[in-house]
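For reference, the chains in residue letters:
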Amino acid sequence: MDPRSAARRTAPGAALLLALVTLATGCLAGRGGVVGTPGAAGVRDPYFPRLGNGGYDVAHYDLDLRIDGASGRLSGTAVITARATQDLSAFNLDLSGLEVRSVTVEGRPAAVNRAGAELTLRPDRPVADRLRAGRTFRTVVRYDGEPRTVTDADGSEEGWLRTAKGTVALGEPAGSPVWFPGNHHPSDKATYDVRITVPEGRSAVSNGELASRRTAGGRTTFRWVVREPMASSFATVAVGPYEVRRTVTADGLPVITAVDPEVAGRTPALPARISEVVAWGVKHFGPYPFSSAGAIVGMPGDAGYALETQNRPFFPGPPDSGLLVHELAHQWFGDSVTPRTWRDMWLSEGFATYAEWLWSEEHDGVPVQESFGKAYADEANWAFPAARPPGPADLSRPPVYGRGAMVVHRIRQEMGDDEAFFGLVRGWLRAHRHGNASTDDFTAYVEEESGLELTVLHEVWETWLNGGSRPARG
């Protein structure tokens with residue numbers, strides 16, 4: 001992403017009733033009834049504790065979306081295939097604003113309780129007995145309504161954004177629950193199959209590859225398939241009069257671009273530019289992690305920022321070289337190796353910013369050391385430690401980007417060997433490909449693989465990454 005901005009009292013009678021219920025439940029369990037506990041409502045992320053859910057891991061989302069072009073109303077069916085990580089008596093899904101019409105678990109109706117953006121699903125006893133640790137189960141949610149736009153703590157907007165010509169869904173950090181139910185925390189990645197039905201004449205673009213396109217009765221259904229795991233915050237749907245083009249790189253990688261016709265004349269070389277940046281990224285960071293690349297280019301004003309939506313980043317207007325490099329670098333840093341929590345966001349933004357510095361050195365003649373110096377001199381980069389933003393409003397502020405990039409460069413400086421440094425980076429990406437990683441994971445990896453003494457790394461970590469003030473320039 002680019003920078004943007006009551007006490008309880010129990011009466012004696014109630015206590016007796018509770019005891020009787022507990023006894024009855026125990027008897028049922030002993031006779032083959034449900035054994036298990038509810039999954040947690042939230043994964044206790046440092047900034048978004050209610051995002052995500054415990055007790056299961058999603059393997060695959062199958063989303064069938066029908067979008068009314070005039071009203072923006074959405075009718076959806078979500079088929080969620082997940083594996084229980086504990087014996088479950090109930091579990092939660094994140095869904096904000098939309099009306100739930102029906103829910104089944106393993107083909108049988110489930111009781112649904114709603115509290116804000118939390119759905120608690122309680123299967124009937126025969127089904128719940130099959131939701132034991134290690135077992136795979138399928139949940140089907142049918143829902144509809146008008147998805148809403150979310151205003152984040154920093155004032156930026158995400159979720160379901162209405163544009164002058166359609167809609168675009170952007171989900172970092174917490175916007176995806178407004179258009180489909182799921183386990184909406186980046187630590188639970190999954191594959192996707194997304195069908196989007198829109199009025200004939202409009203395009204519907206999502207992540208992955210286009211598997212089919214069919215028109216009937218004045219409506220067109222586009223089916224997009226995402227084969228590699230994806231965090232829900234990087235899922236997108238863009239609907240509008242996009243011109244969709246498919247090319248391939250010299251290595252045969254599909255490049256799929258969707259561009260608003262009003263700006264298409266200003267982006268004729270976009271597929272070639274993407275191919276160039278991807279090839280450059282492969283040279284520095286290792287194999288491209290996905291089965292296609294590309295971009296979605298809307299109109300200025302469609303959103304207040306660009307976002308690294310997986311396979312094809314979204315741009316509100318034609319991107320310049322720096323922004324294109326930043327968002328494509330995120331395909332390695334952020335989309336493939338995804339932060340374990342939102343506190344670890346500097347691992348994505350710091351490396352993507354550093355990629356900009358590397359590109360600028362090789363293509364614009366601006367040495368990385370000069371970019372480092374400018375970042376060091378910028379007071380905004382020292383407002384707080386890169387790995388400890390004060391709150392959700394600070395996740396996209398300069399220290400996460402500029403100070404994060406300075407940490408990367410300090411590691412390179414201390415190693416003193418570019419071949420070893422880029423080997424370290426490629427090894428990091430290889431070790432956590434299509435997974436999640438935290439600051440602690442990165443610390444342990446660098447300590448193990450860099451060959452640097454712990455006292456040297458301690459100085460980098462404690463002053464440049466976590467220190468409360470600007471250190472002496474290295």
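No experiment lies behind these values; they were computed from the predicted model shown.

(A) Region of interest: the overall build of the protein chain. Of the regular secondary structure elements, the protein chain holds 11 helices and 22 strands. Computed over the C-alpha atoms, the radius of gyration of the protein chain is 24 Å, within 12% of the 23 Å expected from 2.2 N^0.38 for a compact globule of 474 residues. With respect to the principal axes defined by its C-alpha atoms, the protein chain has extents near 75 × 60 × 40 Å. Within the protein chain, buried positions represent 56% of all 474 residues.

(B) Structural detail: the environment of leucine 270. Considering the arrangement of structural elements, one finds leucine 270 in helix α4 (residues 270-285). Residues leucine 270 and threonine 257 lie 13 residues apart in sequence; the distance between their C-alpha atoms is 8.0 Å. Setting aside residues no more than four positions away along its own chain, leucine 270 makes contact with Thr257, Val259, Ala295, Val297 and Leu324.

(C) A look at the environment of alanine 204. When you line up the elements, alanine 204 lands in strand β13 (residues 203-206). We classify alanine 204 as buried; its relative accessible area is 1%. Measuring from C-alpha to C-alpha, the distance between alanine 204 and leucine 95 comes to 22 Å, with 109 residues separating the pair along the chain. Excluding anything up to four places from it in sequence, alanine 204 contacts Ile196, Val198, Phe222, Trp224, Ala238 and Val239.

(D) Fine view of the sheet that holds strand β9 (residues 149-151). With antiparallel pairing, the five strands of this open sheet are ordered in space as β9-β10-β11-β16-β13. Both outer strands of the open sheet, β9 and β13, are each paired with one neighbouring strand and no more. Strand-to-strand, the axes of this sheet are offset by a mean angle of 20°, without reference to chain direction. With two bridges joining them, strand β11 (residues 167-170) and strand β16 (residues 237-240) adopt antiparallel strand pairing. In the sheet register, threonine 167 faces β16, and the bridge partner there is valine 239.

(E) Summary view of the packing of helix α6 (residues 346-364) against helix α8 (residues 398-415). Where α6 meets α8, the axes come as close as 7 Å, and the angle between the chain directions of the two elements is 70°. Considering the angle they form, α6 stands roughly perpendicular to α8. On α8, the residues that touch Trp346, Glu349, Gly350, Phe351, Thr353, Tyr354, Trp357 and Leu358 of α6 are Val400, Tyr401, Gly402, Gly404, Ala405, Met406, Val407, Val408, His409 and Arg412. A class-by-class count of the residues in the contact of α6 with α8 yields 11 nonpolar, five polar and two charged.

(F) View of the packing of aromatic side chains. Evaluated as defined, the whole model comprises 27 aromatic pairs. Their ring planes at 70° and their centres at 5.6 Å tell us that tyrosine 56 and phenylalanine 91 sit as a pair that is edge-to-face. Of this pair, tyrosine 56 sits in strand β2 (residues 56-67) while phenylalanine 91 sits in strand β4 (residues 88-94), placing them 35 residues apart in sequence. For phenylalanine 91, a relative accessible area of 1% corresponds to the buried category. Here phenylalanine 285 and tryptophan 332 contribute two aromatic rings whose centre-to-centre distance is 5.6 Å and whose plane-to-plane angle is 65°, an arrangement assigned as edge-to-face.

(G) Spatial organisation of the layout of surface pockets. The volume enclosed by the largest pocket comes to roughly 250 Å³. Forming the walls of the largest pocket are 13 residues, and the residues nearest its centre are Arg50, Leu51, Ala117, Ala174 and Pro177. Split by residue class, the lining of the largest pocket holds eight nonpolar, one polar and four charged. Estimates place the volume of the second largest pocket at around 200 Å³. When contributions to the lining of the second largest pocket are tallied by element, the ones reaching two or more residues are α6, α7 (368-377) and α8. Residue composition of the lining of the second largest pocket, by class: five nonpolar, four polar and two charged.

(H) How the structure looks around α8. When the terminal C-alpha atoms of α8 are compared, their 25 Å separation across 18 residues agrees well with the 26 Å that a helix rising 1.5 Å per residue should span. Buried residues dominate α8, accounting for 15 of its 18 residues.

Analysis parameters
Residues numbered from 1 in each chain as written. Predicted model: local features only at pLDDT ≥ 70, side-chain atom pairs only at ≥ 80, totals over all residues. Heavy atoms only, no water. Helix = DSSP H or I, 4+ residues; strand = E, 2+ residues; numbered from the N terminus. Rg over C-alpha atoms; globule rule 2.2 N^0.38 Å. Buried < 20%, exposed > 50% of the residue type's maximum accessible area, 1.4 Å probe, protein only. Contact = heavy atoms within 4.5 Å. Pairing = 2+ DSSP bridges. Axes fitted to C-alpha atoms, helices over the stretch in contact; angles between N-to-C directions. Parallel < 35°, antiparallel > 145°, perpendicular 65-115°, else oblique. Nonpolar A, V, L, I, M, F, W, Y, C, P; charged D, E, K, R; others polar. Phe/Tyr/Trp six-rings, centres within 6.5 Å; stacked < 30°, edge-to-face > 60°. 1 Å grid on protein atoms, 1.4 Å probe; cavity = no way out; pocket = protein on both sides within 12 Å on 5 of 7 lines; lining within 4 Å. Points joined across faces, edges and corners; volume = space filled by probe spheres on them. Expected span 1.5 Å × (residues − 1).

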